[in-house]
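Breakdown of the fold
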Amino acid sequence: MDFKGKVVIITGASSGIGAATAKYLAELGASLVLTGRNIENLQKVGQECEAAGKGKPLLVVADVCSEDDNVRVVGETVKKFGKLDVLVNNAGKGVMGSIETTSLSQFDDIMNTNLRGLFHLTQVAVPHLIKSKGNIVNVSSVAGTRSFSGSLAYCISKAALDQFTRCVALELAPKGVRVNSVNPAVIITDFQRRLGMDDPTYEAYLKHSDSVHAMGRVGRASEVAAAIAFLGSDAASFTTGSQLCVDGGKNVMCPR
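No experiment lies behind these values; they were computed from the predicted model shown.

What about the overall build of the chain?
- Secondary structure summary: the chain contains eight helices and nine strands in total.
- Taken against the 2.2 N^0.38 rule, which gives 18 Å for 256 residues, the C-alpha radius of gyration of the chain at 17 Å falls within 12% of a compact globule.
- Dimensions of the chain, computed from the C-alpha atoms along their principal axes, are close to 50 × 40 × 35 Å.
- Out of the 256 residues belonging to the chain, those deemed buried represent 48%.
- Considering only residue pairs separated by 6 or more positions, the chain has 71% of its internal contacts joining residues 24 or more positions apart.
- When the accessible surface of the chain is summed, it comes to about 12,300 Å², and 54% of that surface belongs to carbon and sulfur atoms.
- Within the chain, the 24 negative side-chain charges are centred at a point lying 6 Å from the centre of the 27 positive side-chain charges.

In structure tokens:
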């Protein structure tokens, strides 16, 4: 998987899976454009990528929910590098709640981040990806392929994202652009802590999560990054419209 000469945008690159993917692709020689809302974290990741690779990433402070920001991200990318080869739609968020407890504002917030913003950024990027015969990797979730109680809005957003992946893959395949997703299960990041878990609750959650993954453990962000790198590389040249489950077998488990 050689990314030398490839220009890659990664959204939500300031932490978690996005940061791990940035560092992974830097080691493979990619020219990176990293976006996120936290400038301090983004700069830290950028420095780590520069140390791991041979180039300095372009850092763009941006919110995927902002249409102006999305246009600016793609514009600055093409201005600096002259093209775009890979778009990694990683930015996303979660929320806990059921049909009885999720407010419309919470629902709108999740859908704006996990679907609408991604939809718009992809629209802006597609003309450049057609020129380069590039590809898109969407970061979805096992929550897109399976149903979980207590995270209704999040599950809906990821199921919709998976359908988006398949439909856009069909639309862009004749133009030489591949579109795929990775669907992780529980990965060690700050994702759950952002949902309000304190340290003892998070540790208990991880311990329990070991038992609901067939491989008996939760995943690492670097393992998802490797899957993203594969789908974004020429090694996956005949793969499009796929959901690659990086989930330790969670997707195929069922209660007994």
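That covers the picture; the talk isn't over yet.
A few points about the packing of helix α3 (residues 67-81) against helix α4 (residues 104-132)
- One way to put it is that α3 packs onto α4 with a least axis distance of 9 Å and a crossing angle of 30°. One element, α3, and the other, α4, form an angle in the roughly parallel class. For α3 against α4, the interelement crossing comes out right-handed. Between α3 and α4, the residues in contact are Glu 67, Asn 70, Val 71, Val 74 and Val 78 and Arg 116, Gly 117, His 120, Leu 121, Val 124, Ala 125 and His 128, respectively.
- Taken together, the residues of the contact of α3 with α4 break down into six nonpolar, four polar and two charged.

Some remarks on the pairing of strand β4 (residues 86-89)
- Side chains Val 86 and Val 88 of β4 all project onto a buried face; the interleaved residues Leu 87 and Asn 89 project onto the opposite face, where all are buried too.
- Sheet topology note: the strand β1 (residues 7-10)/β4 ladder contains three bridges and is parallel. When the bridges of β4 are listed, Val 8 appears paired with Val 86.
- Where β4 meets strand β5 (residues 135-139), four bridges bridge the pair, whose relative direction is parallel. From the neighbouring strand, Asn 89 faces β5, where its bridge partner is Asn 138.
- For the handedness criterion, the β-α-β arrangement of β4, α4 and β5 is classed as right-handed.

Some remarks on the sheet that holds strand β3 (residues 58-61)
- Here we have seven strands laid out as an open sheet, ordered β3-β2-β1-β4-β5-β6-β9, and parallel in their pairing. The open sheet terminates on both sides in strands that have one partner only, identified here as β3 and β9 (243-246). The sheet shows a mean angle of 15° between the axes of neighbouring strands, direction not considered.
- Where β5 and strand β6 (residues 178-184) come together, five bridges link them in parallel fashion. Residue pairing in the sheet places Asn 135 in a bridge with Arg 178 of β6.

Considerations on the UniProt feature "domain: Ketoreductase" (unreviewed entry) in the chain
- With numbering aligned to this structure, UniProt lists the feature "domain: Ketoreductase" (unreviewed entry) at residues 6-185.
- Between the end C-alpha atoms of residues 6-185 there is a gap of 28 Å, over a span that is 51% helix and 17% strand.

Observations regarding helix α1 (residues 16-27)
- The first and last C-alpha atoms of α1 sit 17 Å apart over 12 residues, in line with the 16 Å expected at 1.5 Å per residue.
- Taken together, the buried positions of α1 are occupied by Ile 17, Gly 18, Ala 19, Ala 20, Thr 21, Ala 22, Leu 25 and Ala 26.
- Structurally, α1 contributes buried residues whose contacts are with β1, β2 (31-36), α2 (39-52), β6, β7 (187-188) and α8 (221-232).
- Phi turns positive one or two residues past the end of α1, at Gly 29, with a value near 95°.

Notes on the pattern of salt bridges
- Applying the stated rule across the entire model yields nine salt bridges.
- In this structure, Asp 69 engages Arg 72 in a salt bridge whose closest nitrogen and oxygen atoms are separated by 3.0 Å. Placement of the pair is Asp 69 and Arg 72 together in helix α3, with a separation of three residues, close to one helical turn.
- Among the residues examined, Asp 69 registers a relative accessible area of 17% and is labelled buried.
- The salt bridge partner of Asp 109 is Lys 93, with a shortest N-O separation of 2.9 Å. One end of the pair, Asp 109, is in helix α4; the other, Lys 93, is in the loop between β4 and α4, and 16 residues separate them in sequence.
- Take Asp 109: its relative accessible area is 34%, and that puts it in the partly exposed class.

Points about the layout of surface pockets
- Size it by volume and the second largest pocket reaches roughly 220 Å³.
- Along the walls of the second largest pocket sit 16 residues, with Gly 29, Ala 30, Gly 53, Lys 54 and Gly 55 positioned nearest its centre.
- Secondary structure elements with two or more residues in the lining of the second largest pocket: α1, β2 and α2.

Reading the values: rules and limits
Residues numbered from 1 in each chain as written. Predicted model: local features only at pLDDT ≥ 70, side-chain atom pairs only at ≥ 80, totals over all residues. Heavy atoms only, no water. Helix = DSSP H or I, 4+ residues; strand = E, 2+ residues; numbered from the N terminus. Rg over C-alpha atoms; globule rule 2.2 N^0.38 Å. Buried < 20%, exposed > 50% of the residue type's maximum accessible area, 1.4 Å probe, protein only. Contact = heavy atoms within 4.5 Å. Areas by Shrake-Rupley, 256 points an atom, 1.4 Å probe, with all protein chains shown as cover. Lys, Arg positive; Asp, Glu negative; His and termini not counted. Charge placed at Lys NZ, Arg CZ, Asp CG, Glu CD. Axes fitted to C-alpha atoms, helices over the stretch in contact; angles between N-to-C directions. Parallel < 35°, antiparallel > 145°, perpendicular 65-115°, else oblique. Left-handed = near helix turned anticlockwise from the far one by under 90°. Nonpolar A, V, L, I, M, F, W, Y, C, P; charged D, E, K, R; others polar. Pairing = 2+ DSSP bridges. Right-handed = clockwise from strand over helix to strand, strands pointing away. UniProt positions renumbered as here; feature names shortened; annotations may be inferred. Expected span 1.5 Å × (residues − 1). Salt bridge = Lys/Arg side-chain N within 4 Å of Asp/Glu carboxyl O. 1 Å grid on protein atoms, 1.4 Å probe; cavity = no way out; pocket = protein on both sides within 12 Å on 5 of 7 lines; lining within 4 Å. Points joined across faces, edges and corners; volume = space filled by probe spheres on them.

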